[in-house]
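# Structure at a glance
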Amino acid sequence: MTTATRETSFGQLDRPSLVDRFGVWLSRRSIDKHLGSLNGKRVADIGCGFDASLGRQLARDASHVTLLDVALADHLFDVPNITALVGPLEEQLGRIADASIDVLFCVSVLEHLDDDRTALHGFRRVLAP
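## Structural notes on the pairing of strand β2 (residues 64-69)
Within a regular strand, the side chains alternate between the two sheet faces. Here β2 lies mainly inside the structure; five of its six residues are buried. Tracing the backbone out of strand β1 (residues 42-46), into helix α2 (residues 53-59) and back to the parallel element β2 gives a crossover that is right-handed. Judged from the five bridges that link them, β2 and strand β3 (residues 82-86) form a sheet pairing that is parallel. Residue pairing in the sheet places Asp69 in a bridge with Val86 of β3.

If you want it as structure tokens, here you go:
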């Protein structure tokens, strides 16, 4: 089993704090610095959180964003270049095609998994060469 038993997504029950929002801003800044433009890229945000703050920002530039978490806000299902996958990581990661993702983010998630090694193998499978 890859995922820890978790029934709620980050930010689902409580509004993210100022520190949480600052962390999203820092993540985006680091992404821009190290990766540059995401134009034309297929991106995945695994364990994106209920409102997928980072994933929504990435969708402004990327050609397509796949979001995955145990629960997602309804508005994420209406964005044309977003695929929203809801459920356990192991099960939903299996729905992503091999080599179909150019850039994959998994921010503050691995430490919550029972079997992070299996998740990492799944990430490798979905990443394009």
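## Some details on the environment of His64
Among the secondary structure elements, His64 is positioned in strand β2. In sequence terms His64 and Asp20 are 44 residues apart; their C-alpha atoms lie 25 Å from each other. If near-sequence neighbours (up to four positions away) are discounted, His64 is found in contact with Lys41, Arg42, Val43, Asn81, Ile82 and Thr83.

## Observations concerning the environment of Val24
Its location among the elements puts Val24 in helix α1 (residues 18-35). Sequence-distant contacts of Val24, defined by excluding residues within four places in its chain, comprise Ser53, Leu54 and Gln57.

## Some details on the sheet that holds β2
Read from one edge of the open sheet, four strands run β3-β2-β1-β4, paired in parallel fashion. Only two strands of the sheet have a single neighbouring strand rather than two, namely β3 and β4 (103-105). Neighbouring strand axes in the sheet, compared pairwise and without regard to direction, differ in orientation by 15 degrees on average.

## Regarding a nonpolar patch on the surface
Together, Phe22, Trp25 and Leu26 line one region of the surface with nonpolar side chains, adding up to about 320 Å² of accessible area. Locating Trp25 in the fold gives a position in helix α1. Owing to a relative accessible area of 45%, Trp25 belongs among the partly exposed residues under this scheme.

## Here we look at the packing of aromatic side chains
The final tally for this structure, using the stated rule, is one aromatic pair. Consider the rings of Phe22 and Trp25, whose centres lie 5.7 Å apart with planes at 20 degrees: the pair is stacked. Taken together, the positions of Phe22 and Trp25, both in helix α1 and three residues apart, correspond to about one turn of that helix. The class of Phe22 is partly exposed, set by a relative accessible area of 45%.

## A word on unusual backbone geometry
Residue Ala52 is not a glycine yet carries a positive backbone phi of 50 degrees. Along the chain, Ala52 falls in the loop between β1 and α2. Backbone geometry places Ser108, a non-glycine residue, at a positive phi of 55 degrees. Locating Ser108 in the fold gives a position in the loop between β4 and α4 (116-126). For Ser108, a relative accessible area of 52% gives the class exposed.

Thresholds, definitions, all that
Residues numbered from 1 in each chain as written. Predicted model: local features only at pLDDT ≥ 70, side-chain atom pairs only at ≥ 80, totals over all residues. Heavy atoms only, no water. Buried < 20%, exposed > 50% of the residue type's maximum accessible area, 1.4 Å probe, protein only. Helix = DSSP H or I, 4+ residues; strand = E, 2+ residues; numbered from the N terminus. Right-handed = clockwise from strand over helix to strand, strands pointing away. Pairing = 2+ DSSP bridges. Contact = heavy atoms within 4.5 Å. Axes fitted to C-alpha atoms, helices over the stretch in contact; angles between N-to-C directions. Patch = residues over 30% accessible without salt bridge, like charges linked within 9 Å, V, L, I, M, F, W, Y side chains within 5 Å. Areas by Shrake-Rupley, 256 points an atom, 1.4 Å probe, with all protein chains shown as cover. Salt bridge = Lys/Arg side-chain N within 4 Å of Asp/Glu carboxyl O. Phe/Tyr/Trp six-rings, centres within 6.5 Å; stacked < 30°, edge-to-face > 60°.

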